[in-house]
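Structural overview
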Amino acid sequence: MAAGRLFYVLLTKEGSLYLWGDNFRGELASGDYQLSKVPLFRSFAEDPLRKGTGLGG
């Protein structure tokens with residue numbers, strides 16, 4: 001689990017991401033800038049580029 005200033009990310013061992021929080025700058029990769037109080041599911045299990053995915057400020 002990782003946290004930004006106003007958002008949270010949970011990565012499962014299967015390669016799924018759950019993101020929630022502020023989303024002021026699109027941190028949740030939802031295609032909008034709306035706050036999410038519930039986790040949004042993202043799956044990168046089949047994505048060969050996921051090894052390069054990172055979080056940072």
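Just so you know, these numbers come straight off a predicted model, no measurement behind them.

So, about the sheet that holds strand 4 (residues 36-43). On the basis of which strands lie adjacent, the open sheet formed by 4 strands has the order 1-2-3-4 and antiparallel pairing. Looking at strand neighbours, the two that pair on one side only are strand 1 (2-3) and strand 4, the edges of this open sheet. Pairing geometry for strand 1 and strand 2 (residues 7-11), over 2 bridges, is antiparallel. Its bridge partner lying in strand 2, A2 is registered against V9.

Below, the discussion takes up the pairing of strand 2. Two successive antiparallel strands, strand 1 and strand 2, enclose a turn made up of 3 residues. In terms of strand pairing, strand 2 meets strand 3 (residues 16-21) through 5 bridges, oriented antiparallel. Bridging across to strand 3, L10 finds its partner in Y18.

What counts and how
Residues numbered from 1 in each chain as written. Predicted model: local features only at pLDDT ≥ 70, side-chain atom pairs only at ≥ 80, totals over all residues. Heavy atoms only, no water. Pairing = 2+ DSSP bridges. Helix = DSSP H or I, 4+ residues; strand = E, 2+ residues; numbered from the N terminus.

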